[in-house]
Amino acid sequence: MVAGTYRMFITSLFFCIGLTVSTISMSAAKDYFQLKAIFLYNFANFVEWPSTAFKTKESPIELCLYGKVPFSKFLNSIDGTFIGDRQLIIKQYDINDSSKSGCQMMFVGENKKSEIEAFWSNKRHLYVLSIGETDDFINSGGIINIMRNQDTFTFDINLESAMKNGLFISSDLLILARKVTGLN
Amino acid sequence: MPEFIKNWFSYLSISKKLNLIAFLTLSTTVTISAIAIIGFDQNQSKKQLITQSKLLSNILGERSAASILFLDIKTANVNLSSLNKREETLYACIYGKNNKLFSVYEKNNFNKCPENMNVKLKDEGSLEYDNQIITISPIMLKGKPIGQLVLSSSLEKLNKRSYNISLIVLTILVISSFIALLVTRKLQKTITGPILELSKVAEKITKNQDYSIRATSVFNDETQILTRTFNQMLHHIQGVQLEMSQFINELKEDSQKSQDEADEQIERNESIRHYFSGVTHDLKQPLQAIEMFSSILVTSPEDQRDVVNSKLRASVANLRQMFDDWLNVSKLEDSLKQLNKSKINIKSLLYSIVSEVSVLANDKNLKLKVYCPDYIIYSNAKMIDRIVRNLLSNAIRYTEKGGIILACRICDSGYKIQVSDTGIGIDDEKQQFVFDKFTQVSENKQLTGQGYGLGLSIVKKFCDTLGHDIVLKSRINLGTTFSIIIKNKTEINIAKKSNKKELKYNRRISDQKRIIEKETINLTDNKPNTQTNNQSKNNQTDNDKKTNYVTKHSIYNVFSTDSAILVLDDDPIILDAIVSQLNNWGADVVGVTTPEDAINCIANKEFKLIISDYQLGEDIDGVSVLKQIEAYLINNNKKAIYSFIITASLDKRILNDIKQSKYDYMAKPLKPAKLRAKIEFILKNEV
């Protein structure tokens, strides 16, 4: 119930924000989403997956979008680009077809915030860099949480979660993070 | 090189040139080296700076890649601020993927980063601009360029470093130049020293005109070659100078000879002029007499005509004699122009002359003796013939009693031909004029009528022409001796051709003995005449008597029986010769061969003089013996006897030994005249 309320609240908030943004300036909203899309892309550059995270050497890095992602259409610009030797592919995550997960990155939409904790308990989500944009995302098992900071974005990192998921996060990224938790 | 620098350089001394060369070489070398080192250092430093800048840019780029991607300017600025520790950094700029300025670092507000970067992201490089090195490095992420980092580094530090190095090099240059000058000043003497030495030697040679001086060199380098060449040149010059000197001397001699010949020619012309004037004058005398006797003969009584006739014939004879003389003089003076000397056997020549002239001597009841060994002289036979004939003719003419001796003897300078007579003699005042033409010895008209003063002038002229000296010794009423001195040593003894000294010496001793024998014979022959002469001239003055006696042999009155002489010589032959000579001179002589005999003689007899040979045996010398005798005389309270040494030795040690003693000495072979003069002096003065 609380989660539902909270979700509703968030949804409403996002809606309000979105509405506000779209109302004030359509171009500002565009930059905002585009920037966020770039952030997602850039995270892939500073995270290393173990080879076991991929089926083959040529397997792409899959960025799965779970829930409602308003800027998903901006991610098209990075879809198919290469991160090192691997291609970055954007796809929508389907919970019903969990056996076929294979995601290396997952952006969890605001509307799926309530499912996060249970979501991470699933072993199928090992080696997945989870990225969210809610306040408790990293406390709920998420690894990176993106936040708005004036005219740009900042992010927090839960290093412990990252390590549990077998991921190595570049120190450069850690330096840029606003807050890094799970260091002890 | 410009001409004026060449001229200026040419006027510098060698030492200054060497100093200048050393300085220029060193400074050029050091300067070029310094420029090279500084340039290399600056280049390397720039490269290092560029490399360092790129490396730093890469690190900063890597560190800032995330900042660019996540638009974290603050972190990028923090990264760039680390350049603050780097002194050279002026500014640094990070440009994002869109080439827009993303982050800036500036030192001292020195920011020149443009807002946009108009280069491709992949481009990298460096450029030097406005005293700074600007490097542009791409910021890569997983092989993709995500931005650029521009880093500007100041070259001020490098320039300051180069400036400091330049100062150090300049200091080194100054110090090394000073050291080089000091070293060059020392070492350049090895080059300039021999050259200055050569210069001094050349100056000395020029000053003294002495080409025997030679330069020396102590270095074994090109200067030694120069010195050797210089000395060879001097040697050559010295040789040329010697040849020149000889040539000049020959020219002088030739010139002098020509001058002498010219003078002689002038003198001859003058003589001829005087001669003809004299002859013209003299010819008038007999012609006048003939004319007068002829006229007297016409008018004189019968009984007196024989007397006048005889006088007339005498005048004609005189005139003929005068013509003969005149023609002979003219003929022989012509022959003087063709002077040919040759070896003459003087003995055969003199005997040939005597055989012809002896008739004239016999006419006047005069003895004419000749003494001449087999000597070969170098002269002109015709002229010697004329000379001897003239002298004999004069001797016969001016001698009424006694005789004439013609002899040839050896003397110090060669040979001498002597014509001695016991005639009227020549007054001292006239002796200097007898060789002039038309000078007659006697004022006695009976005698002068037989000659016209041409004979002795011919003799003198011939002697001068032949280079022979003529010596006259004469005393009034005692006699005259003419000596022709033939100065040559071309003595060849036909009988004994041995050149050994001992043989020659023995030959001379033998000659002396023969002379003594001859003179003894001659004097013996003359003795009756002398006695007769003394008896018939009782009214003559004491002086005349004395001189007359001396004419026979002037030393007879010096050698007397109370003036005994002791002669000591271990060689019996020489002892015999000396004793014989002294005996012939009338001396009381005792000859001994040993010192013991000498002392025995002294013990038994009083002597006025002792003559001792020096070498009296292997270990006995005359000085020691004379000292023994002197000691003996002192010990026996006897009167000291004057003594002198005779020696044939030329050994300086022996001669010094004699000179250091108080005794006088005479060198062998003894010259009779000198010996006689010495003894005469000693006995007269009782030295």
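Residues numbered from 1 in each chain as written. Chains lettered and ligands numbered in written order. Predicted model: local features only at pLDDT ≥ 70, side-chain atom pairs only at ≥ 80, totals over all residues. Heavy atoms only, no water.

## Structural notes on the overall build of chain A
For step 1, the next point in the chain: What chain A contains, in helices and strands, is 5 helices and 10 strands.
For step 2, the next point in the chain: Burial analysis of chain A (184 residues in total) assigns 47% to the buried set.
For step 3, the next point in the chain: Of the contacts formed within chain A by residues at least 6 apart in sequence, a portion of 60% connects residues at least 24 apart.
For step 4, the next point in the chain: With an accessible surface of roughly 9700 Å², chain A has 56% of that area assigned to carbon and sulfur atoms. (Helix = DSSP H or I, 4+ residues; strand = E, 2+ residues; numbered from the N terminus. Buried < 20%, exposed > 50% of the residue type's maximum accessible area, 1.4 Å probe, protein only. Contact = heavy atoms within 4.5 Å. Areas by Shrake-Rupley, 256 points an atom, 1.4 Å probe, with all protein chains shown as cover.)

## Considerations on the sheet that holds strand 2 (residues 61-66) of chain A
Strand-to-strand pairing in sheets goes through backbone hydrogen bonds, with the strands running parallel or antiparallel.
For step 1, the next point in the chain: Pairing in this open sheet of 8 strands is mixed, and the strands run 3-4-2-5-6-7-8-10 (chain A) from one edge to the other. Sheet topology places strand 3 (82-83) and strand 10 (179-181) of chain A at the edges, where each strand pairs with a single neighbour. (Pairing = 2+ DSSP bridges.)

## Description of a nonpolar patch on the surface
All names here are of chain B.
For step 1, the next point in the chain: Taken together, the side chains of Ile 175, Phe 178, Ile 179, Leu 182, Val 183 and Leu 187 make up a nonpolar region of the molecular surface, amounting to roughly 580 Å² of accessible area.
For step 2, the next point in the chain: Turning to its location among the elements, Phe 178 is positioned in helix 4 (residues 156-187).
For step 3, the next point in the chain: For Phe 178, a relative accessible area of 53% puts it in the exposed group. (Patch = residues over 30% accessible without salt bridge, like charges linked within 9 Å, V, L, I, M, F, W, Y side chains within 5 Å. Salt bridge = Lys/Arg side-chain N within 4 Å of Asp/Glu carboxyl O.)

## Quick notes on the pattern of salt bridges
For step 1, the next point in the chain: Per the stated rule, a full pass over the model turns up 17 salt bridges over all chains.
For step 2, the next point in the chain: Linking Lys164(A) and Glu160(A) is a salt bridge whose minimum nitrogen-to-oxygen distance equals 3.9 Å. Taken together, the positions of Lys164(A) and Glu160(A), both in helix 4 (residues 159-164) and 4 residues apart, correspond to about one turn of that helix.
For step 3, the next point in the chain: A relative accessible area of 38% places Glu160(A) in the partly exposed class.
For step 4, the next point in the chain: A salt bridge links Asp588(B) to Lys605(B); the nearest nitrogen and oxygen atoms lie 2.8 Å apart. Of this pair, Asp588(B) sits in the loop between helix 15 (572-584) and strand 14 (589-592) while Lys605(B) sits in the loop between helix 16 (595-604) and strand 15 (609-613), placing them 17 residues apart in sequence.

## Structural notes on the interface of chain A and chain B
For step 1, the next point in the chain: Counting from both sides, the interface comprises 18 residues of chain A and, opposite them, 13 residues of chain B.
For step 2, the next point in the chain: Between chain A and chain B, the buried area comes to about 1300 Å², and carbon and sulfur atoms account for 63% of it.
For step 3, the next point in the chain: Our count for the chain A to chain B interface comes out at 1 salt bridge.
For step 4, the next point in the chain: Residue Arg63(B) is joined to Asp172(A) by a salt bridge in which the shortest nitrogen-to-oxygen separation is 3.3 Å.
For step 5, the next point in the chain: Among the elements of the structure, helix 2 (26-45), strand 3 and helix 5 (171-176) of chain A are those that each provide at least two residues to the side of chain A that touches chain B.
For step 6, the next point in the chain: Among the elements that take part in the side of chain A that touches chain B, helix 2 of chain A stands out by supplying 8 residues, more than any other. (Buried area = accessible area lost by both parts, 1.4 Å probe.)

## Digging into the sheet that holds strand 16 (residues 642-647) of chain B
Residue and element names in this part refer to chain B.
For step 1, the next point in the chain: Across the sheet, which stays open at both edges, the 5 strands sit in the order 14-13-15-16-17 with parallel pairing between neighbours. Only two strands of the sheet have a single neighbouring strand rather than two, namely strand 14 and strand 17 (664-667). Averaged over neighbouring strand pairs, the angle between their axes works out to 20° when direction is ignored.
For step 2, the next point in the chain: In this sheet, strand 17 lies alongside strand 16 in parallel orientation, the contact comprising 4 bridges. Within the sheet, the bridge partner assigned to Ile 646 lies in strand 17 and is Met 666. (Axes fitted to C-alpha atoms, helices over the stretch in contact; angles between N-to-C directions.)

## Section: the state of the cysteines
For step 1, the next point in the chain: Tallied over the full model, the rule gives 2 disulfides over all chains.
For step 2, the next point in the chain: One disulfide in the model links Cys64(A) with Cys103(A); its S-S distance is 1.6 Å. With the S-S bond torsion at -90°, the cross-link from Cys64(A) to Cys103(A) turns out left-handed. Within this pair, whereas Cys64(A) is found in strand 2, its partner Cys103(A) is found in the loop between strand 4 (86-92) and strand 5 (105-108), the two being separated by 39 residues in sequence.
For step 3, the next point in the chain: Under the relative-accessibility criterion, Cys64(A) is labelled buried at 0%.
For step 4, the next point in the chain: Under the relative-accessibility criterion, Cys103(A) is labelled buried at 4%.
For step 5, the next point in the chain: Between the sulfur atoms of Cys93(B) and its disulfide mate Cys113(B) the distance is 1.3 Å. One quick way to see it: the torsion about the S-S bond of Cys93(B) and Cys113(B) is about -55°, and its sign makes the bridge left-handed. On the criterion of sequence distance, the pair formed by Cys93(B) in strand 1 (residues 89-95) and Cys113(B) in the loop between strand 2 (101-106) and strand 3 (125-129) is long-range, its members being 20 residues apart.
For step 6, the next point in the chain: Between Cys372(B), a cysteine without a disulfide, and Cys408(B), which holds the nearest cysteine sulfur, the sulfur-to-sulfur distance is 4.2 Å.
For step 7, the next point in the chain: Exposure remark for Cys372(B): the relative accessible area of 3% places this residue in the buried category.
For step 8, the next point in the chain: No disulfide involves Cys411(B); its nearest neighbouring cysteine sulfur is the one of Cys408(B), lying 8.9 Å away. (Disulfide = S-S within 2.5 Å.)

## As for the side chain of Ser661(B)
For step 1, the next point in the chain: Following the sequence through the fold, Ser661(B) ends up in the loop between helix 18 (652-660) and strand 17.
For step 2, the next point in the chain: For Ser661(B), the side chain forms a polar contact with the main-chain oxygen of Ile658(B), separated by 2.4 Å. (Polar contact = N/O pair within 3.5 Å; in protein donor to acceptor, adjacent residues only side chain to side chain.)

## Looking at the packing of aromatic side chains
Residue and element names in this part refer to chain A.
For step 1, the next point in the chain: The full count for this structure, using the stated rule, is 15 aromatic pairs over all chains.
For step 2, the next point in the chain: Ring centres of Phe 39 and Phe 43 lie 6.1 Å apart, and the angle between their planes is 90°; on these two criteria the pair is classed as edge-to-face. Placement of the pair is Phe 39 and Phe 43 together in helix 2, with a separation of 4 residues, close to one helical turn.
For step 3, the next point in the chain: Looking at Phe 39, the relative accessible area reads 0%, which means it is buried. (Phe/Tyr/Trp six-rings, centres within 6.5 Å; stacked < 30°, edge-to-face > 60°.)

## Digging into the packing of helix 4 of chain B against helix 5 (residues 189-208) of chain B
All names here are of chain B.
For step 1, the next point in the chain: Remark: helix 4 packs on helix 5, axes separated minimally by 6 Å, with the N-to-C direction vectors making an angle of 35°. When helix 4 is examined against helix 5, the residues Arg 185, Lys 186 and Leu 187 are found in contact with a partner set consisting of Lys 189, Thr 190 and Ile 191.
For step 2, the next point in the chain: Within the contact of helix 4 with helix 5, the residues separate by chemical class into 2 nonpolar, 1 polar and 3 charged. (Nonpolar A, V, L, I, M, F, W, Y, C, P; charged D, E, K, R; others polar.)

## Some details on the environment of Thr594(B)
For step 1, the next point in the chain: Tracing the chain through its elements places Thr594(B) in the loop between strand 14 and helix 16.
For step 2, the next point in the chain: In this structure, the C-alpha to C-alpha distance between Thr594(B) and Val625(B), residues 31 residues apart in sequence, is 9.4 Å.

## A word on a negative patch on the surface
Residues and elements named next belong to chain B.
For step 1, the next point in the chain: On the surface, a cluster of negative charge is contributed by Asp 260, Glu 261, Asp 263 and Glu 267.
For step 2, the next point in the chain: By the secondary structure assignment, Asp 263 is in helix 6 (residues 222-299).
For step 3, the next point in the chain: With a relative accessible area of 36%, Asp 263 lands in the partly exposed category. (Lys, Arg positive; Asp, Glu negative; His and termini not counted. Charge placed at Lys NZ, Arg CZ, Asp CG, Glu CD.)

## Side note on the side chain of Lys46(B)
All names here are of chain B.
For step 1, the next point in the chain: Assignment of secondary structure puts Lys 46 in helix 2 (residues 14-69).
For step 2, the next point in the chain: A distance of 3.1 Å separates the side chain of Lys 46 from the side chain of Glu 128, its partner in a polar contact.
For step 3, the next point in the chain: Every residue in contact with Lys 46, bar those within four places of it in the chain, is listed here: Glu 128, Leu 155 and Leu 158.

## Quick look at helix 4 of chain B
Residues and elements named next belong to chain B.
For step 1, the next point in the chain: The first and last C-alpha atoms of helix 4 sit 45 Å apart over 32 residues, in line with the 46 Å expected at 1.5 Å per residue.
For step 2, the next point in the chain: For helix 4, the complete set of buried residues consists of Leu 158, Ser 162, Ile 165, Val 169, Leu 173, Ser 176, Ser 177, Ala 180 and Thr 184.
For step 3, the next point in the chain: The inward-facing, buried residues of helix 4 abut helix 2. (Expected span 1.5 Å × (residues − 1).)

## Some remarks on unusual backbone geometry
Excluding glycine, a negative phi dihedral is what most residues carry, and trans is how most peptide bonds are arranged.
For step 1, the next point in the chain: With a phi close to 65°, Asn99(B) is a non-glycine residue in the positive phi region.
For step 2, the next point in the chain: Locating Asn99(B) in the fold gives a position in the loop between strand 1 and strand 2.

## Examining helix 3 (residues 73-81) of chain B
For step 1, the next point in the chain: For helix 3 of chain B, the full list of buried residues reads Thr75(B), Ala76(B), Asn79(B) and Leu80(B). The buried side chains of helix 3 of chain B occupy one side of the element, clustering within an arc of 140° when seen end-on. Residues of helix 3 of chain B that are exposed and point over 90 degrees away from its buried face: Lys74(B) and Val78(B).
For step 2, the next point in the chain: The secondary structure elements touched by the buried residues of helix 3 of chain B are helix 5 of chain A together with helix 2, strand 1, strand 2 and strand 5 (144-154) of chain B. (Arc of directions from axis to C-beta.)

## What about the packing of helix 16 of chain B against helix 17 (residues 622-635) of chain B?
Residue and element names in this part refer to chain B.
For step 1, the next point in the chain: The geometry of helix 16 relative to helix 17 is characterised by a closest axis approach of 11 Å and an angle of 30° between their N-to-C directions. Overall, the two elements helix 16 and helix 17 adopt an arrangement that is roughly parallel. Here helix 16 and helix 17 pass one another in a crossing that is right-handed. Between helix 16 and helix 17, the contacting residues are Pro 595, Ala 598, Ile 599, Ile 602 and Ala 603 on the first element and Val 625, Ile 629, Tyr 632 and Leu 633 on the second. (Parallel < 35°, antiparallel > 145°, perpendicular 65-115°, else oblique. Left-handed = near helix turned anticlockwise from the far one by under 90°.)

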